[in-house]
Amino acid sequence: MTTQFIPIVCPYCGVGCNLELSADERGMPVKSGCSGRNEDLNGQYVCVKGISIHEMLTSGDRLAEPMIRKGGRLEAVSWEDAIDHTAGGLREIISRHGPESVGMLCSGKILNEEAYLSQKLQRAVIGNNIIDNCARLCHGPSEVALRKQLGFGAVSTFLDDFDAADTFIIVGANTLATYPVIWMRLRKRAKKGDVNLVLADPRTTGLAKFSKVHLKPKPGTDIYWLNALAKIIHERGWHDKAFCKAHTIGFGAYVKSLEAFDVDNACTRAGVSREDLARVAELIRGKRTIHIWGMGLTQHARGTDNVSALVNLALLTGNVGKQGCGVSPLRGQNNVQGASDMGALPNVLPGHMHLGDEAARIHLGAIWNATLSAKPGLTAPEMIHNIADENIRALWVVGENPVMSEPHSTFVSWMMQRLDLLIVQDIFPTETAKFAHIVLPAAAVGEKEGTFTNSARRIQFTAGGLTRPGQAKPDWQILQDVARAMGHDWNYGSAEEIWEEIRQAIPIYSGASYRRLKGSHGIFWPCYDESHPGTPRLYQDGFAFRDRRARFIPCSPPEHLMEATEDYPYVLITGRLIGHFNTGEMSRRSARLMKGTPESFVEMYVGDAEREELSDGDSVRVTSPYGAVTSKLKISKSLSKGYLFAPNHFNQPNFNALMSSVPLDPQAKMPALKVVPVNIVREK
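Throughout what follows, the structure given in this document is the object of discussion. What you are looking at is a predicted structure, and each value in this text was computed from that prediction instead of being measured. (Residues numbered from 1 in each chain as written. Predicted model: local features only at pLDDT ≥ 70, side-chain atom pairs only at ≥ 80, totals over all residues. Heavy atoms only, no water.)

### Observations regarding unusual backbone geometry
Under the convention used in this document: Counting from the N terminus, the helices are the DSSP runs of H or I reaching at least four residues and the strands are the DSSP runs of E reaching at least two. Each residue gets one of three labels from its accessible area relative to the maximum for its type: buried under 20%, exposed over 50%, partly exposed in between, using a 1.4 Å probe on protein chains only.
The residue after Gln-652, namely Pro-653, is reached through a cis peptide bond having omega -5°. Its location among the elements puts Pro-653 in the loop between strand E27 (643-647) and strand E28 (675-682). Cis geometry is found at the peptide bond from Val-662 to Pro-663, where omega equals 0°. You will see that His-408, though not glycine, has its phi angle at about 55°, which is positive. Within the element layout of this structure, His-408 appears in the loop between helix H18 (402-405) and helix H19 (409-418). A residue is classified by how much of its surface remains accessible, and His-408, at 22% relative accessible area, is partly exposed. We note that Glu-613 has phi near 60°; this positive angle belongs to a residue other than glycine. Looking at the secondary structure, you find Glu-613 in the loop between helix H24 (606-612) and strand E25 (619-624). Judged by relative accessible area, Glu-613 falls into the exposed class, the value being 62%.

### Regarding the packing of aromatic side chains
So the rule is basically this: Aromatic pairs are defined between Phe, Tyr and Trp rings, using the six-membered ring for Trp, whenever the two ring centres lie within 6.5 Å; interplanar angles under 30 degrees are classed as stacked, those over 60 as edge-to-face, and all others as tilted. Two conditions define a charge sitting above a ring: the NZ of Lys or the CZ of Arg must be within 6 Å of the ring centre, and it must be within 35 degrees of the ring normal.
Counted by the stated rule, this structure contains 15 aromatic pairs. Their ring planes at 70° and their centres at 5.6 Å tell us that Phe-158 and Phe-524 sit as a pair that is edge-to-face. Pair noted here: Phe-158 is in the loop between helix H4 (140-149) and helix H5 (159-164) and Phe-524 is in strand E21 (residues 523-524), with a separation of 366 residues, a long-range link. Taken as a pair, Phe-158 and Phe-524 share a single burial class, namely buried. Here the aromatic rings of Phe-461 and Tyr-514 are separated by 5.4 Å at their centres, their planes lie at 70°, and the arrangement is edge-to-face. In this pair, Phe-461 sits in strand E20 (residues 458-462) while Tyr-514 sits in helix H22 (residues 514-518), placing the two residues 53 residues apart along the sequence. Of the two residues, Phe-461 and Tyr-514, both sit in the buried class. The structure contains a cluster of three or more aromatic residues connected by ring pairs, namely Phe-461, Trp-499, Tyr-509 and Tyr-514. In this structure, Arg-418 is placed above the aromatic ring of Trp-414, and the distance from its NZ or CZ to the ring centre is 5.7 Å.

### Quick look at helix H3 (residues 112-126)
Going by this rule: Under the convention used throughout, the expected extent of a helix is 1.5 Å for every residue step, that is, one less than its residue count. In this scheme, the bend at a residue equals the angle between the axes fitted to the seven residues that finish there and the seven that begin there.
Along its 15 residues, H3 runs 20 Å from first to last C-alpha, staying within 8% of the 21 Å computed at 1.5 Å per residue. By the largest-angle criterion, Lys-120 marks the main kink of H3, which is about 25°. In the segment just after H3, Gly-127 is the residue with positive phi, at about 105°.

Have a look at this one:
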């Protein structure tokens, strides 16, 4: 049997591991593995999701033919009929309700080339900026805060810095589950005792035993303890005075905001001790420090301020733009950074150019032969709300699953049914696809070539060559077919032709040609021309503002938190597992991954379970002010009293049914997806 080896970039988390798929003579993947071809990234490290990719790709659930809803049922049709129906439906809605009645949700898992065409279609064909991607629900606050304070909404550091750092501050992130390959690297150093790990997480995860200090702040109280920590550092004179003077603005205002801050009161509010914060300050003092965070920091109504408080700490101690230092949000999907770089956002154009920048709109308009609107579009949560108001009549969902991922999911399901036109373009029949009027089957990783950009801004080439299921097409071909059916002369012959336009449109990507990408371990943007080596570490020569200085932004803590009440005496925390991914549509199609965790559960602290007279394996009903679900109970010692934990990868039940869609973070429009007060009882 002839075996073909196809080099790919992993389609799961934001690490961007380099893997290989082994394909048989029919072009079907039979094995996933890692040859170690990229020593700069994952080397021979691979996680359980990475070695099971072939199972997901060969699942019998793959969408293989386009479908149109007829008489209440989805029926297979030809591509010609599907494209005509899609284009005709969009034209009719635009004619009746205007271009701003159509929205698009863009995936963080598709190629850069496909994310670029998604936003180009929305802006130049549909005629609005109503496009958003999955970053809204995970690291939207990180993008906003980092863009405001440092210049780019992106990770500033790279893996060589991880090897040089002395201290890691890990806030609201379980890297063992979300970035296992990176955790393997950190754990290796932690076991040797040559690195200081500071963990801020209300749960006791696998990271805890390697940490020098484990803070267990109450969810949503991060500004309290971060400001308190900053005040301790400043009062002791341990801040980087030279850095703050030469490379920042707003330092005086920031210090003044801390003067009236009561450290002891903040510690009480956050549930941490002053002694522990003092110990953390000592571990940062004069140490090269990297600040890592996850959705435990961002998924709150004040998520942007939470991130700003952590960025302020990094600036105060001079830990940005230097070797072994930096800020590193753990982006959740393989190309969510790329989707944002490509402009799949309602207020940001490709290349992180602001929508309000007239020159940027003229620049792109000339390439696209279009006049671009300056009116900001809607975020994903706002699109859902605008369906209720009958302002959004059509929604095109490319590789996303809002029925599972958005808060108050029962309401979202209802909104999907109220649309005049719902188009779902995906590799699997998702929960959202159940309500679609049109379903378009897409090709997956290994079945198409192109590029992904990982969490650390590393642009990488991923190869194609696998046989696609049935009539599935690459997303870029589907988008092009619809654009042409709507009267636009798109004639891309390959992903590389799209890439050449991207290099013309996006200055920070201009130097990353396919030739260079195929012959390297990836190129970090910014990369301005083909002689530019790329930029692994941001801000070494100044920050991305006209004055080259970073910005301190004072942050006051929230007055109200998601806390337990008499009717809802527990706080539910949602999160991720090492063996599953996002809404589970990919990972639940792998036998290996389902064997590890075959069903959902809700964890409860052992003492609480004893008090409630609940036992491991009981069927329990969990109720919040917004909904109720039934799940199996799992007794745990990793939680603190009064807290529950549930994974968000399963459709039965979907714990996002318990979450509120309001309030939204006023800056990033992020809903508070991380915690909610609940009641729990044995199911009768």
